[in-house]
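Here is what each chain is made of, one letter per residue.
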Amino acid sequence: MKTANFKRRLFGIAPLLLAMAIAVAGCQSDDPAHPMSTMAPRSDLANWCYGLFMEVTAWDLLILVIVVIAFILAVFFFSTRVGEAGPPTSVSSDLGLEVAWTLGPALILLMISIPTVRLIFRTQPRAAVANELPITVIAHQWWWEFRYDDGSNVFTANELHLPANRPIRLKLISADVIHSFWVPRLGGKRDVVPGQENQINLIANVPGEYFGQCAEFCGLSHANMRFRIFVDAPADFASWEQIQATPGAAPADGTAASRGAQIFADSPCTTCHTINGVSKGYIGPDLTHLASRKTIASGILRNDSKHLTEWIEHPGEMKPGAEMPNFALGGDQLNDLVAYLESLK
């Protein structure tokens, strides 16, 4: 009777375990509604992290099964019912049981720690690898700066382009406070600490657009410190990098964009922003090829005339804490400046 009850209860938890397995498997998708999923790896680093996660999860499920079975055995099979006399015993301890519950967890922790430590060293190679693309990532409150250190002299902000199937070395430094660089589908989080250089090494395997986010609270607009990574085919990346290395094209005379260029050149904007051949600002993002980006304001706004206008008019409202001042431009001046910025392709 006890054996029958035990089997019935044991089989009763099987649907629960099956549902858990299906739930974990279902998380691995390309659903556009969940672009920050860690369950759809698209680089060697992300695949290694995902594999480690599944390995640890397997050990966790094994522990769960053992605990549930032990609980059912203890409660329904080996327990003494109220009113029943228990068998007399003179045993005060069980050495074998004590050894088992000491060595068992120790072995499980060892099985988890070995692949974890191995992965840590695997993702931090000491020497540069062949054909590696070095990029410096500088975290600011609250935007990201990317400098390509391959001799191309390319600088961009909040949107990082990478060639597919090529080793990438990201050197992470901070200009102010602690941040954390995180692109869930391309790799794990890595802190960006003032006065310290960290790095991420990866090979992105699948072309596409990937969303990133600062993952360490860094001030008022921490949640607005976003960025995107575009993994391009090698030929597309080479074309993009060649265009980014050129100075911004001067607008035609007599156009709204040319009037906007003069407004920009005469404004305090030149103190903060660089436009190659026009200004050498060093505080804010490089705007040389602003119009080639999909977003502005560190990934929180679409890059179009409507949002550019709103951003120039009300930067502090669009992004609380932003250091960009409101210069009270309006009317034709504002429209001409937006036309100029939209010409910077």
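Above this text is the structure in question.
These figures come from a predicted structure and were not determined experimentally.

## Some points on unusual backbone geometry
Next up, step 1: With omega at -5°, the peptide bond leading from glutamine 141 into tryptophan 142 counts as cis.
Next up, step 2: If you trace the backbone, tryptophan 142 turns up in the loop between β1 (133–140) and β2 (143–148).
Next up, step 3: Here asparagine 158, not a glycine, exhibits a phi torsion of approximately 70°, which is positive.
Next up, step 4: As for its position among the elements, asparagine 158 is in the loop between β3 (155–157) and β4 (159–163).
Next up, step 5: Backbone geometry places serine 298, a non-glycine residue, at a positive phi of 60°.

## A closer look at the sheet that holds strand β6 (residues 179–182)
Next up, step 1: The five strands lie next to each other as β4-β10-β9-β6-β7, forming an open sheet whose pairing is mixed. The two strands at the open ends of the sheet, each matched to only one other strand, are β4 and β7 (190–192). Between one strand and the next, the sheet's axes are offset by a mean angle of 25°, whatever the strand orientation.
Next up, step 2: Where β4 meets strand β10 (residues 226–232), five bridges bridge the pair, whose relative direction is parallel. By the bridge assignment for β10, proline 163 is matched with aspartate 232.
Next up, step 3: Packing against the sheet, helix α5 (residues 234–244) makes contact with β4 and β10, and its axis sits at approximately 135° to β4.

## Thoughts on the pattern of salt bridges
Next up, step 1: Tallied over the entire structure, the rule returns seven salt bridges.
Next up, step 2: Between glutamate 209 and arginine 228 there is a salt bridge; the shortest N-O distance is 2.6 Å. Within this pair, whereas glutamate 209 is found in strand β9 (residues 208–214), its partner arginine 228 is found in strand β10, the two being separated by 19 residues in sequence.
Next up, step 3: Looking at arginine 228, the relative accessible area reads 16%, which means it is buried.
Next up, step 4: The salt bridge partner of arginine 302 is aspartate 304, with a shortest N-O separation of 3.6 Å.
Next up, step 5: Each member of the salt-bridge network shares a partner with another, and the members are Glu209, Arg228 and Lys294.

Rules of the game
Note on numbering: residues in each chain are counted from 1, in written sequence order. Residue-level local features of this predicted model are given only where pLDDT is at least 70; pairs of side-chain atoms are given and counted only at 80 or more, and the full residue set underlies all totals for whole chains, interfaces and linings. Hydrogen atoms and water are omitted, and side-chain values are computed over all heavy atoms in the structure. Put simply, DSSP H or I for four residues or longer makes a helix, DSSP E for two residues or longer makes a strand, and each gets a number counted from the N terminus. The criterion for strand pairing is that DSSP finds at least two bridges linking the strands in question. Each axis is a line fitted through C-alpha atoms, and for a helix only the stretch in contact is used; angles between axes span 0 to 180 degrees, taken between their N-to-C directions. Note on contacts: a residue pair qualifies if any of its non-hydrogen atoms lie within 4.5 Å across the two residues. When a carboxyl oxygen of Asp or Glu lies within 4 Å of a side-chain nitrogen of Lys or Arg, that pair is called a salt bridge. Only protein chains enter the accessibility calculation, which uses a 1.4 Å probe; a residue is then buried when its area is under 20% of its type maximum, exposed when over 50%, and partly exposed in between.

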